[in-house]
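Residue-level listing of the chains:
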Amino acid sequence: MKKIFTAILALFILTATANAKVLKDPINLIIMHSGIDKSSVAISVKDLNSGKNIYKLNENILMHPASVQKILTLPAAIDILGEDYELKTKIYTYGKCGYLIELGADPHFSSSDLKNLVKNIDKGTVKKIYIDDSIIEPKDWGEGWQWDDDLNTSMPRFNSYNLDKNMIKITVMPDQKRKSAIVINPSKYPLAFINNVKVSDKTNVKVTRNSTIALNALTLDGTVNTPVTIYIPNNNLKGYFHFKLTQALADKNIYLKLPYTEAKASTADKLLQEISHPISITIDDILKNSNNMAIETVLKLAAAKAYNTTGTDIGGIKIFSEYCDKIGIDSSRIRLVDASGVSKNNLTDADFITEFLYKNKKNTTLQKMATSGEGTLSERMIPLKGKLKAKTGTLSDISSIAGYLTTQKGKKIAFCIIINDPKSSNSDKKTLEDYLIREFYTKW
């Protein structure tokens, strides 16, 4: 009996000692006081010199990463495309009386670019316009995207016909005489508005789409006091492109009777004009502003170049897997289905992300991540400006952040925090992230 009591006492002392260490750990205390369940928080911190873990919590549990995933897929895409890649939209002469537009799926291509592209078309000879849209697949959204949330400006549709950021801008203005709102659509693209907005002392306009009435039927509800600009994600990219192309041709007094026809460019066609944008502005838009449409397009473009065929999301994921093999990291333990992290079918763990960051510590693309005061970090951790480079992520019930940090003592670390918790607000999640990163900064 005495031996049993001694064993139990020893076990109690060991347990109490372990619990005391946990309670004294500032990181544990920060999580405990946040009110967020510790089991829903994953943390991995690695020394950038050695690659060894210096802190870990639930680091191997698979979680939804949200937009932090972009720091995984973007380096893989740029490894194929190159940092000097140009996103190009071209126009060729095609036969004796035709022209062919070769789309580049450029996420920065605008209506003004389109007007510039067609300015050299000969009005006297043109009878037909052909379009080569084969650079990436016609699939508008990624696997697992929330199709019932098609008015979410953070996840517009995307394909070869990318134009005007795939958004349509409208303005809702108060009409004081009629005490109702006026809707202005500068694009002239045909949209049907069911306008229920009234003039009031507050501006709060809600837009819903009802495709059972018509493809482009929008219902506007609420009140308006001052003019408000609203962006509507375009749900027919090809139709919008054709409409804006017709407008651009009409500006040159060109009116074609025949519809636009799909065709492939060939070496026999003569290049007439091209509009290009450097990939560098796309990289900034992805890493600093978390542009989902841009990263999805870029990874498919990389697949198109790598495999000399139409770019697909499956091809993009294959590129990511091959890139992981190249840098010596096992990607079989995670699951990615899109480039952006929008889909909740994506699963990764915090330790994989810090391992990826360690393997890419000299990657020039990742050095362009936002620091405090920039992009999605514009109002976060301002005292760490220049010390922190990170990518944030936000989805329903999910918040994440990962990147590089130079600590107060000069140590360089890679870190990842993923929080999958439906019971706390995004604000609470991000506050916890900020406190943890400040602790990392002072602790090591």
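If you're wondering where the values come from, they're calculated on a predicted model, not measured in any experiment. (Residues numbered from 1 in each chain as written. Predicted model: local features only at pLDDT ≥ 70, side-chain atom pairs only at ≥ 80, totals over all residues. Heavy atoms only, no water.)

S.K.: Help me understand the packing of aromatic side chains, please; the structure alone is not making it clear to me.
M.R.: Under the criterion given, the structure shown has 12 aromatic pairs. Pairing W141 with W145 gives two aromatic rings, centres 6.4 Å apart and planes at 40°, and the pair type is tilted. W145 gets classed as buried once you look at its relative accessible area, which sits at 5%. Cluster of aromatic residues (ring-pair linked, three or more members): Y55, F415, F440 and W444. (Phe/Tyr/Trp six-rings, centres within 6.5 Å; stacked < 30°, edge-to-face > 60°. Buried < 20%, exposed > 50% of the residue type's maximum accessible area, 1.4 Å probe, protein only.)

S.K.: What's the story with the sheet that holds strand β4 (residues 98–102) in this structure? I'm lost.
M.R.: The strands making up a sheet are joined through hydrogen bonds of the backbone, oriented either antiparallel or parallel. Read from one edge of the open sheet, 5 strands run β13-β5-β4-β3-β14, paired in mixed fashion. One side of each edge strand has no neighbouring strand; the edge strands of this open sheet are β13 (261–262) and β14 (270–278). With 2 bridges connecting them, strand β5 (residues 128–132) and β13 associate as parallel partners. Within β13, the residue paired with Y130 across the bridge is T261. Lying over the sheet, helix α5 (residues 237–250) contacts β4, β5 and β13, oriented at roughly 145° with respect to β5. Contacting β3 (86–94) and β14, helix α6 (residues 279–289) runs over the sheet at an angle of about 35° to β14. (Pairing = 2+ DSSP bridges. Helix = DSSP H or I, 4+ residues; strand = E, 2+ residues; numbered from the N terminus. Contact = heavy atoms within 4.5 Å. Axes fitted to C-alpha atoms, helices over the stretch in contact; angles between N-to-C directions.)

S.K.: Looking at this model, I keep getting lost on the packing of helix α7 (residues 292–307) against helix α8 (residues 313–327). Mind explaining?
M.R.: The description of two helices packed together rests on the angle between their axes and the distance between the axes. Contact geometry for α7 and α8: axes closest at 8 Å, N-to-C directions at 80°. Taken together, α7 and α8 sit at an angle that is classed as roughly perpendicular. The residues of α8 that touch α7, namely those facing L299, K300, A302, A303, A306 and Y307, are D313, G315, G316, I317, K318, I319 and E322. Each residue belonging to the contact of α7 with α8 can be placed in one class, and the counts come to 7 nonpolar, 2 polar and 4 charged. (Parallel < 35°, antiparallel > 145°, perpendicular 65-115°, else oblique. Nonpolar A, V, L, I, M, F, W, Y, C, P; charged D, E, K, R; others polar.)

S.K.: Looking at this structure, I do not really get the sheet that holds strand β1 (residues 41–47). What am I missing?
M.R.: Sheet architecture is open: 5 strands sit in the order β2-β1-β17-β16-β15, paired in antiparallel fashion. Because the sheet does not close on itself, it has two edges, and the strands there are β2 (53–57) and β15 (388–395). If you compare each strand with its neighbour and ignore which way they point, the axes differ by 5° on average. Helix-sheet contacts for helix α9 (residues 350–359) involve β1, β2, β16 (398–406) and β17 (412–420), and the interaxial angle to β1 is about 25°.

S.K.: Which parts of the structure should I look at to understand the pattern of salt bridges?
M.R.: The full count for this structure, using the stated rule, is 17 salt bridges. Measuring nitrogen to oxygen at the nearest pair gives 2.5 Å for the salt bridge that ties D313 to K139. Within this pair, whereas D313 is found in helix α8, its partner K139 is found in the loop between β5 and β6 (167–175), the two being separated by 174 residues in sequence. Overall, the relative accessible area of 14% leaves D313 in the buried class. With a relative accessible area of 34%, K139 lands in the partly exposed category. (Salt bridge = Lys/Arg side-chain N within 4 Å of Asp/Glu carboxyl O.)

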